[in-house]
Amino acid sequence: MPSRVHRVLSRNATFQQWQALLGNRTKRHRAGEFVVQGVRPISLALQHDWDFSALLRPVGARASAWAEEVWRTAPGRRYELADDLLAELAERDTDEPPELVAIARMPADDLDRLADPARAPLIAVFDRPSSPGNLGTVLRSLDAFGGTGLIVCGHAADPYDPRAVRASTGSLFAVPVVRSGSADEALSWIRAQRGFGFGYTVFGTDEGGESDLRRIDFTGPSVIVIGNETRGMSRAWRDASDRVISIAMVGSASSLNAATAASIVLHEALQQRRNR
């Protein structure tokens, strides 16, 4: 751990750089860093060996055993901030600061990070999601139901947006996430994986899908495509799908929230894999 502790007591250039990470996507990705707020996300990031560039705490605060341990062992430069500044980075409604805020480094957007030779891959593709909250919720469900990775495809919400990180409750740090600029790029990788012996089946999801969810076999290497919240799957993903599946529903609802639908499909995949 670096021995020197830097103090930030005003809205200086360093603070403004951190503040920009909250709401400015371009600056976030140019810096390759994002803000991590909360005990569980910080703990999971460390558990899964993510790199911190900085760790921030309030000036003169009494730390809990958890905060003291993280401060002592985590990577990154150390900063002590005025209470109101740290509360602002934590996006709190009051000036009461949290014990810690971390600045984490983003991993590379390399689709090969999703390859998992130890088990049959269960990858989700979120095609052009518009809501950071939905994106974080899909990540949380992937983590809960044994998913091995997420591809965020096309012009989409940012998985490193603080709203997405919070909605994932830290699962962002447990499940590999890769941003792909287009369906063609992601599909090229899937085809290459098939050439390496991974027999991926691509399952599109749509309320008008011809295959009932309960009749689908998810026990092999699987890619589950979740469409945009209002427009559904793009033509490229629909054409690439080996099967387009639907979820049986009753009542007056014509469709489900994208994250809810993804959770139902992923839970079915988990049940099948556990019962093999």
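Since the structure is predicted, the reported quantities are computational estimates derived from the model, not experimental observations.

Calculation rules
- Residues numbered from 1 in each chain as written.
- Predicted model: local features only at pLDDT ≥ 70, side-chain atom pairs only at ≥ 80, totals over all residues.
- Heavy atoms only, no water.
- Helix = DSSP H or I, 4+ residues; strand = E, 2+ residues; numbered from the N terminus.
- Buried < 20%, exposed > 50% of the residue type's maximum accessible area, 1.4 Å probe, protein only.
- Contact = heavy atoms within 4.5 Å.
- Expected span 1.5 Å × (residues − 1).
- Arc of directions from axis to C-beta.
- Domains from an automatic or database assignment.
- Salt bridge = Lys/Arg side-chain N within 4 Å of Asp/Glu carboxyl O.
- Polar contact = N/O pair within 3.5 Å; in protein donor to acceptor, adjacent residues only side chain to side chain.
- Nonpolar A, V, L, I, M, F, W, Y, C, P; charged D, E, K, R; others polar.
- Pairing = 2+ DSSP bridges.
- Axes fitted to C-alpha atoms, helices over the stretch in contact; angles between N-to-C directions.
- UniProt positions renumbered as here; feature names shortened; annotations may be inferred.
- Patch = residues over 30% accessible without salt bridge, like charges linked within 9 Å, V, L, I, M, F, W, Y side chains within 5 Å.
- Areas by Shrake-Rupley, 256 points an atom, 1.4 Å probe, with all protein chains shown as cover.

1. As for the side chain of serine 171
One can find serine 171 in the loop between helix 7 (162-167) and strand 8 (177-180). Note on serine 171: relative accessible area 3%, which makes it buried. Apart from the residues within four sequence positions on either side, serine 171 is in contact with Leu44, Leu139, Arg140 and Asp143.

2. Brief notes about helix 8 (residues 183-195)
With 13 residues, helix 8 should cover 18 Å at 1.5 Å per step; its first-to-last C-alpha distance of 18 Å lies within 8% of that length. Ala183, Ala186, Leu187, Trp189, Ile190 and Gln193 are the residues of helix 8 that are buried. Projected onto a plane normal to the axis of helix 8, the buried residues spread over an arc of 155° and lie on a single side. For helix 8, the exposed residues lying more than 90 degrees away from the buried face are Asp184, Arg191 and Gly195. The elements touched by buried residues of helix 8 are strand 6 (122-127), strand 7 (149-153), strand 8, strand 9 (201-205), strand 11 (222-226) and helix 9 (235-240). Of the residues one or two after helix 8, glycine 197 is the one with positive phi, at around 105°.

3. Brief notes about the domain arrangement of the protein chain
It is common to report an interface's size as the accessible area lost on association of the parts. You can read the domains of the protein chain as domain 1 (5-105) and domain 2 (111-275). With centres defined by C-alpha atoms, the gap from domain 1 to domain 2 works out at 31 Å. With 14 residues of domain 1 at the interface, the matching set in domain 2 holds 15 residues. Linking domain 1 to domain 2 there are two salt bridges. Of the charged contacts in the structure, one is a salt bridge between aspartate 158 and arginine 28, with a shortest N-O distance of 2.8 Å. Summed over the shared surface of domain 1 and domain 2, the number is eight residue pairs in polar contact (both at pLDDT 80 or more). Elements represented by at least two residues in the side of domain 1 that touches domain 2 include exactly helix 2 (25-31), strand 2 (33-37) and helix 3 (39-47). In terms of residue class, the side of domain 1 that touches domain 2 is built from seven nonpolar, three polar and four charged.

4. Some remarks on the sheet that holds strand 2
Overall, mixed pairing links the five strands, which are arranged 1-4-3-5-2 in an open sheet. The open sheet has two edge strands, strand 1 (5-8) and strand 2, and neither has a second partner. Across the sheet, the axes of successive neighbouring strands diverge by a mean angle of 25°, strand direction being ignored. Sheet analysis places strand 2 next to strand 5 (residues 101-105), joined by five bridges and oriented antiparallel. For glutamate 33, the partnering residue across the bridge sits in strand 5 and is arginine 105. Here helix 1 (residues 13-23) sits on the sheet in contact with strand 1, strand 2, strand 3 (52-58), strand 4 (77-81) and strand 5, set at roughly 80° to strand 2.

5. Examining the UniProt feature "domain: SpoU L30e-like N-terminal" (unreviewed entry) in the protein chain
Using the residue numbers shown here, the UniProt feature "domain: SpoU L30e-like N-terminal" (unreviewed entry) corresponds to residues 12-102. What you have in residues 12-102 is 47% helix and 21% strand, and the ends, taken at the C-alpha atoms, are 18 Å apart.

6. A word on a nonpolar patch on the surface
Residues Met249, Leu256 and Ile264 make up a contiguous nonpolar surface patch of about 210 Å² in total accessible area. Structurally, leucine 256 can be placed in the loop between strand 12 (243-246) and helix 10 (258-274).

7. Let's talk about unusual backbone geometry
Even without being glycine, aspartate 49 reaches a positive phi, approximately 65°. Secondary-structure assignment places aspartate 49 in the loop between helix 3 and strand 3. In this structure, glutamate 91 is a non-glycine residue whose phi angle is positive, near 55°. Tracing the chain through its elements places glutamate 91 in the loop between helix 5 (83-89) and strand 5.

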